[in-house]
Amino acid sequence: MRELEPVREEQLLQKHCSNILNAGMDRNPSPPPSDESTDETTRVDAIGNTVYSKHWLFSTLMKLIELVCPEGEEAEGSDSRTETELDEDLENEICKMWDMSMDEDVAVFLQEFNATDILLGIIGKSKCPRLTEICVGILGNMACYKETCQAISNNDNLVNVLLLLLGDSDPPTLLETSRLILGCLSQPDVSSIWVDQIHKQHSVRENVCFIMQSSTNADLLGKIGEVVDKLFDLDKELMLSWVVESKGLADASTIEKENSAETAFVPCLLEAARQLRSDSIEGLEVYMHILQLLTTTDGGMQAIVRTPDKAEATWTLLYDIVRTDLCQDDDPAIIVEEQASVLSSTLAVLSAIFASCMEENYIKIERNLPLLDTLLRVLFYAEESQKRPSERTRRPSTDKWSVPSPISGAQKGKQREGDFHLKILLDICCEFLSEIFMNIGKEIVSKSFKEGFLSQEMCTSAFRHLLPQYHTAVEKFHTIVLEVQPDTAEQLLLEFPNLRSSLGVVAATERGGTMLCGADGRKTEKLLIV
């Protein structure tokens, strides 16, 4: 990660935090009251219904304050900051506090204890990456609960500092910061506060782009991707404002392109996806979904296709991901089912690019025949999986009174989720395949049959999924098959008799058999057995 110059972002952090810690020192909460009775003291000292000690927590926070603001140090005009190493014993203690903050009672007590302002002041004074990481991590745990998340989000200084921390140079701190921001964005009651602040802080976009473009940390890339995905899902206006800056690169001068190259949003997404494709399928799925979100708006789609290479880099990467990582030729059907979600997002983007850039050479069907094979295999696998006995019901029994065994709610929910993602994948494959069928030529169809990308079995499976919604595309494709593979075309007519009338095929008894006549009047000299 980059080393930040100690200028604007550090100054802003100090500006927001310099007075907060001193304010906390002026009025620290009183230690918990003591009692002569040991049992009573233990009860009073416990945090909520936990066994955690208020006194211990208070003492640990005091140690942190003393660490960043030693006794005798002048509050004003002082730029003395904690150095880069933590004492091992103190680190162990504040890590215990970090673990404790996962408990809701502890999180609420910390908020009542004014710990958010104290932690914010420590973050502003700290020069120790580990200390900053732990403090942000504690705040991240506190943000998991509605009451404390609202308190954090309503603290403007804290929100501003946390967003500025996205420009930090320490990956663990960036990871915890991203986790905290994602947690707050996931709370409906406060998400708008964060979206509004992100709109105002233009540095957030630049810092996010830098992380996606330069980080090799899979956990960080995955989490920052989740933040972007959630942001774009919450606010389409923000999404367009982030991608529009790279929209005009195709028409920009060379100097403008060079100056904008580091912050062009779509290339940054692609770089993160390249890094994650071999490290984290879950992280890759996030970035594919972000790209899919872009294709749902005209501005987002233009950001993808109006690049200097006319979206070729995006097409090439996603095409390779599908063929190499997600759906190899020898993959069993179960692999496709397990990766249905990421595969559907990736194919949706490819489908959108195909429809928008049909005239580009890199997208010609003859150069992408393996993709045709992938789409057909996905439909075929889905059909096969539907034929398999469901794991959720017992096989039929000779006992007519037997009933299926009940299953756990978690297992049932998981199965429904898998069916949901597979249904989305099938819909996307059908739409994509229909586009290909509408634009494929006779020579390519003939070549596909010869090279094994097309077969009667694959065509039958595809027609079952495409009809009746994509009847026009099937009709056009079948007309071509009728010319290059008459036997296959006849078998498809037997399987899908409704195609006969729509294709204008009529039966004429001739020489003791049946002659097929196309809609254009041309005869195909092949007997149809009836």
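**Some remarks on the overall build of the chain**
Then comes step 1: In terms of helices and strands, the chain carries 28 helices and 3 strands.
Then comes step 2: For the chain, buried positions account for 47% of its 530 residues.
Then comes step 3: In the chain, the share of contacts with a sequence separation of at least 24, taken over all contacts with a separation of at least 6, comes to 74%.

**Looking at the environment of Leu90**
Then comes step 1: Along the chain, Leu90 turns up in helix α4 (residues 88-100).
Then comes step 2: Separated by 30 residues in sequence, Leu90 and Thr60 have C-alpha atoms that sit 8.2 Å apart.
Then comes step 3: Setting aside residues no more than four positions away along its own chain, Leu90 makes contact with Lys63 and Leu67.

**Looking at the side chain of Thr116**
Then comes step 1: Within the fold, Thr116 resides in helix α6 (residues 115-125).
Then comes step 2: The class for Thr116 is buried, based on a relative accessible area of 5%.
Then comes step 3: Leave out the neighbours within four places in its chain, and Thr116 touches Leu110, Gln111, Leu139, Met142, Ile152 and Leu158.

**Notes on the state of the cysteines**
Think of a disulfide as a covalent bridge from one cysteine sulfur atom to another cysteine sulfur atom.
Then comes step 1: Scanning the model with the defined rule gives 0 disulfides in all.
Then comes step 2: You can see Cys429 has no disulfide; the closest cysteine sulfur is in Cys430, sitting 7.0 Å from it.

**Re the packing of aromatic side chains**
Then comes step 1: Taken as a whole and judged by the stated rule, the model has 11 aromatic pairs.
Then comes step 2: Geometrically, the ring pair formed by Phe109 and Phe113 is tilted, given 5.4 Å between the ring centres and 40° between the ring planes.
Then comes step 3: With a centroid separation of 3.9 Å and 5° between ring planes, the pair formed by Phe437 and Phe477 is classed as stacked. Placement of Phe437 in helix α23 (residues 409-439) and of Phe477 in helix α26 (residues 471-484) is noted, with a sequence separation of 40 residues between them. Taken individually, Phe437 and Phe477 each receive the classification buried, so the pair is uniform in this respect.

**Some thoughts on the packing of helix α16 (residues 265-276) against helix α17 (residues 281-294)**
Then comes step 1: Direction vectors running N to C along α16 and α17 enclose 155°, while the axes themselves pass 8 Å from each other. With respect to α17, the element α16 is oriented roughly antiparallel. Every pair of crossing elements has a handedness; the one defined by α16 and α17 is left-handed. Residues Val266, Leu269, Leu270, Ala272, Ala273 and Leu276 of α16 lie in contact with α17, whose contacting residues are Gly283, Leu284, Tyr287, Met288, Ile290, Leu291 and Leu294.
Then comes step 2: Split by residue class, the contact of α16 with α17 holds 12 nonpolar, 1 polar and no charged.

**As for the pattern of salt bridges**
Then comes step 1: This structure, assessed with the given rule, holds 15 salt bridges.
Then comes step 2: Here Glu176 ties to Arg179 by a salt bridge, and the two come within 3.0 Å at their closest N and O atoms. Of the two residues, Glu176 and Arg179 both sit in helix α10 (residues 171-185), 3 residues apart, roughly one turn of that helix.
Then comes step 3: Here Glu176 falls in the buried class, since its relative accessible area comes to 10%.
Then comes step 4: Residue class for Arg179 comes out partly exposed when judged on its relative accessible area of 25%.

**A short note on the environment of Asp229**
Then comes step 1: By secondary structure assignment, the location of Asp229 is in helix α13 (residues 218-234).
Then comes step 2: Placed 59 residues apart in sequence, Asp229 and Met288 show a C-alpha to C-alpha distance of 9.7 Å.
Then comes step 3: When residues no more than four places from it in sequence are discounted, the contact partners of Asp229 are Val286, His289, Ile290 and Leu293.

**A look at the confidence of the model for the chain**
In low-pLDDT segments, the atomic positions of the prediction should not be examined closely.
Then comes step 1: For the chain, per-residue confidence averages 80 on the pLDDT scale, and residues scoring 70 or more make up 73% of the total.
Then comes step 2: Across residues 391-415, confidence stays below pLDDT 50; counting only partners more than four residues off in sequence or on other chains, it has 11 contacts.

**A word on helix α9 (residues 156-164)**
Then comes step 1: Along α9, 7 of the 9 residues are buried, which leaves the element largely enclosed by surrounding structure.
Then comes step 2: Of all the positions in α9, only Leu158, Val159, Asn160, Val161, Leu162, Leu163 and Leu164 are classed as buried.

**Considerations on helix α14 (residues 236-243)**
Then comes step 1: All buried positions along α14 are accounted for by Leu238, Met239, Trp242 and Val243. Buried residues of α14, viewed axially, fall in a sector of 125°; they line one side.
Then comes step 2: Sitting at the head of α14, Asp235 places a side-chain oxygen 2.9 Å from the backbone nitrogen of Glu237.

**As for a negative patch on the surface**
Then comes step 1: Residues Glu104, Asp105, Glu112 and Glu147 make up a contiguous surface patch of negative charge.
Then comes step 2: The dominant element in the negative patch, judged by the number of residues it contributes, is helix α5 (residues 104-112), at 3 residues.
Then comes step 3: Turning to its location among the elements, Glu104 is positioned in helix α5.

What counts, and at which threshold
Residue numbers run consecutively from 1 along every chain, following the written order of its sequence. The model is predicted, so local features are restricted to residues of pLDDT at least 70 and side-chain atom pairs to those at 80 or more, both for listing and for counting; the totals for chains, interfaces and linings are taken over all residues. To get the side-chain values, take all heavy atoms of the structure and skip hydrogens and water. In DSSP terms, a helix is any run of H or I states spanning at least four residues, a strand is any run of E spanning at least two, and both are numbered starting from the N terminus. Only protein chains enter the accessibility calculation, which uses a 1.4 Å probe; a residue is then buried when its area is under 20% of its type maximum, exposed when over 50%, and partly exposed in between. Residues count as neighbours in contact if any of their non-hydrogen atoms are within 4.5 Å of one another. Any cysteine sulfur atom paired with another within 2.5 Å is treated as part of a disulfide. Pairing of aromatic side chains here covers Phe, Tyr and the six-membered ring of Trp, requires ring centres within 6.5 Å, and sorts the geometry by plane angle: under 30 degrees stacked, over 60 edge-to-face, intermediate tilted. For helices, the axis comes from a line fit to the C-alpha atoms of the stretch in contact; other axes are also lines fit to C-alpha atoms, and the angle between any two N-to-C directions lies between 0 and 180 degrees. The labels follow the angle: roughly parallel below 35 degrees, roughly antiparallel above 145, roughly perpendicular from 65 to 115, and oblique for the rest. Each crossing is labelled by how the near helix is turned from the far one, with a counterclockwise turn of less than a right angle marking it left-handed and a clockwise turn marking it right-handed. Classification used: nonpolar for Ala, Val, Leu, Ile, Met, Phe, Trp, Tyr, Cys and Pro, charged for Asp, Glu, Lys and Arg, polar for all others including Gly. Salt bridge, as applied in this entry: a Lys or Arg side-chain nitrogen positioned within 4 Å of an Asp or Glu carboxyl oxygen. Confidence per residue, as judged by the predictor, is encoded in pLDDT with a range of 0 to 100. In this description, the arc belongs to the directions extending from the helix axis to the C-beta atoms. Polar contact is the term for a pair of N or O atoms within 3.5 Å; when the atoms are in protein, one must be able to donate a hydrogen and the other to accept it, and sequence-neighboring residues count only if both atoms are side-chain atoms. Put simply, a patch holds well-exposed residues, over 30% relative accessible area, that have no salt bridge, with like charges counted together within 9 Å and Val, Leu, Ile, Met, Phe, Trp or Tyr side chains within 5 Å. For the area figures, the Shrake-Rupley method with a 1.4 Å probe applies, and any residue is considered shielded solely by the protein chains shown. Neither His nor the chain ends is counted toward charge; the positive residues are Lys and Arg and the negative residues Asp and Glu. By convention, charge coordinates are those of NZ in Lys, CZ in Arg, CG in Asp, or CD in Glu.

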